[in-house]
Structures are given as structure tokens and as C-alpha cells.
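This is what each chain is made of:
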Amino acid sequence: VPFSLLDRKTEKKLVAHRREGLLHRLEVSRNEEEVASCTVLLLIQQMKNISIYGTDLARSGLVLLKGDKKIPAAVTEDIHNLFDGDSTLLESVKKYAAAKNSKSLAGLLKG
């Protein structure tokens with residue numbers, strides 16, 4: 001059975017609902033890998049307009065983010081270090097996930 005195409009309004013609702021769910025999961029989590037994964041998933045959704053699922057793909061998605069000129073290298077480094085277990089970066093990486101665009105993401109590093 002082929003999938004039907006979503007109209008723009010339905011697609012926007014679906015993406016917004018997914019974002020809200022990921023932000024909630026991120027807010028309540030204290031696990032480094034889960035926070036890093038949710039952050040990567042949210043950044044890819046926001047910056048690339050691509051939805052990916054799963055922790056394994058989140059690690060692969062980090063490579064995609066590292067190649068993006070709009071995303072500061074410090075952001076991808078912090079996420080990578082959080083994946084490796086550096087719990088001191090937990091709160092700052094959570095803030096990266098809430099960024100609406102690349103300008104606000106860069107602003108988080110300055111402020």
C-alpha cells in the first residue's frame with residue numbers, strides 16, 4: 001500500500017509535534033547519550049529539514065552536522081564529547097537543541 005503525501009499543514013503539525021516530544025524528552029533526561037541524541041535529531045530537523053530516528057542514526061547525523069558551515073564547530077564538538085560521556089556539557093548541549101536557527105545557535109555560544 002503506497003503512502004499518501006501529506007499536505008503542508010499536516011506536515012507542519014507533525015514536525016511541530018515531533019519537536020515538542022523531543023524537547024520534552026530532552027528536558028527530563030539526565031542521560032548523556034540520550035541528550036546528545038535528541039539534540040542531534042532536533043538540530044538536523046531544524047537545520048536540514050530532515051527527520052531521522054534512533055540513537056545509531058543520531059551518531060551518524062552528527063557527522064552530517066559537522067560538515068555544515070552554519071553550525072559552529074564548538075557545538076558539534078560539545079555534542080561529540082557528550083556522546084563520549086562528558087556530563088559537564090549536559091546543560092549547554094540541551095540549550096543547543098532549543099535553538100530555532102543557526103543564528104540563535106551561534107548566539108548561545110557568545111552569550
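The structure we're discussing is the one just above.
Cut-offs applied
- Along each chain, residues carry numbers from 1 onward, in the same order as the chain's sequence is written.
- For this predicted model, a pLDDT threshold of at least 70 governs which residues receive local features, and a threshold of 80 or more governs which side-chain atom pairs are given and counted, while totals over whole chains, interfaces and linings are taken from all residues.
- Side-chain measures here rest on the full set of heavy atoms in the structure, leaving out hydrogens and waters.
- We count a stretch as a helix when DSSP gives it H or I for four or more residues in a row; a strand needs E for two or more, and each element gets its number in order from the N terminus.
- When accessible area is computed with a 1.4 Å probe and restricted to protein chains, residues below 20% of their type maximum are described as buried, those above 50% as exposed, and intermediate ones as partly exposed.
- Here an axis means a line fitted to C-alpha atoms, over the contact stretch when the element is a helix, while the angle between two N-to-C directions is reported on a 0 to 180 degree scale.
- Put simply, a crossing is left-handed when the front helix is turned counterclockwise from the back one by less than a right angle, and right-handed when it is turned clockwise.
- Whether two residues are in contact is decided by their heavy atoms: any pair within 4.5 Å suffices.
- Under the scheme applied, nonpolar residues are Ala, Val, Leu, Ile, Met, Phe, Trp, Tyr, Cys and Pro; charged residues are Asp, Glu, Lys and Arg; polar residues are all the others, including Gly.
- To form a nonpolar core, buried Ala, Val, Leu, Ile, Met, Phe, Trp, Tyr and Cys residues must be joined to one another through side-chain atoms within 4.5 Å.
- Stacked, tilted and edge-to-face pairs are distinguished by plane angle, under 30 degrees for stacked and over 60 for edge-to-face with tilted covering the rest, among Phe, Tyr and Trp rings (Trp via its six-membered ring) whose centres lie within 6.5 Å.
- A positively charged side chain is recorded as over a ring if its NZ (Lys) or CZ (Arg) lies within 6 Å of the ring centre. The angle to the ring normal must also be within 35 degrees.
- Every helix has an expected span of 1.5 Å times one less than the residues it contains.
- Note: the arc covers the axis-to-C-beta directions of the helix.
- Under the rule applied, a polar contact is a pair of N or O atoms within 3.5 Å (in protein, one hydrogen donor and one hydrogen acceptor; residues adjacent in sequence only if both atoms are side-chain atoms).

Observations regarding unusual backbone geometry
Trans peptide bonds make up the majority, and among non-glycine residues the majority have a negative phi. Of note in this structure, Asn49 is not a glycine but carries a positive phi near 55 degrees. Along the chain, the position of Asn49 falls in the loop between helix 2 (32-48) and helix 3 (55-66). A relative accessible area of 70% places Asn49 in the exposed class.

Focus: the packing of helix 2 against helix 4 (residues 73-83)
A pair of packed helices is captured by two measures, namely the crossing angle of their axes and the spacing between those axes. Running from amino to carboxyl end, helix 2 crosses helix 4 at an angle of 145 degrees, the nearest separation of the two axes being 8 Å. Classified by chirality, the crossing of helix 4 by helix 2 is left-handed. Facing Glu32, Glu33, Val35, Ala36, Ser37, Thr39, Val40 and Leu43 of helix 2, the residues of helix 4 in contact are Val75, Ile79, Leu82 and Phe83. The residue inventory of the contact of helix 2 with helix 4, partitioned by class, reads eight nonpolar, two polar and two charged.

A short note on the side chain of Arg19
Along the polypeptide, Arg19 turns up in helix 1 (residues 8-28). Residue contacts for Arg19: discarding those within four places in its chain leaves Leu42, Gln45, Gln46, Ala97, Ala98, Ala99 and Lys100.

Side note on the nonpolar core
Core analysis: the biggest nonpolar cluster contains 27 residues, and Val40, Leu43, Val75, Ile79, Phe83, Val93 and Leu105 have the highest contact counts within it. Elements represented by at least two residues in this core include exactly helix 1, helix 2, helix 3, helix 4 and helix 5 (90-97). Looking at which element gives the most residues to this core, the answer is helix 2, with nine residues. Beyond its immediate stretch of four places on either side in the chain, Val93 contacts Val35, Thr39, Asp78, Ile79 and Leu82.

Things to note about the packing of aromatic side chains
One pass over the full model with this rule turns up zero aromatic pairs. Here the guanidinium or amino end of Arg18 rests over the ring plane of Tyr53, the centre of that ring lying 4.3 Å away.

With respect to helix 1
For helix 1, with 21 residues, the first-to-last C-alpha span of 30 Å sits near the 30 Å given by 1.5 Å per residue. Every buried residue of helix 1 is accounted for by Arg18, Arg19, Leu22 and Leu26. Along the axis of helix 1, the buried residues cluster in a sector spanning 100 degrees; they form a single face. Across from the buried face of helix 1, at angles greater than 90 degrees, the exposed residues are Lys9, Lys13, His17, Glu20, Glu27 and Val28. Buried residues along helix 1 sit in contact with helix 2 and helix 5. Put simply, Asp7 is the residue that caps the front of helix 1, since its side-chain oxygen is 3.1 Å from the backbone nitrogen of Lys9.

Take it as geometry only, folks, not as evidence of what the structure does.
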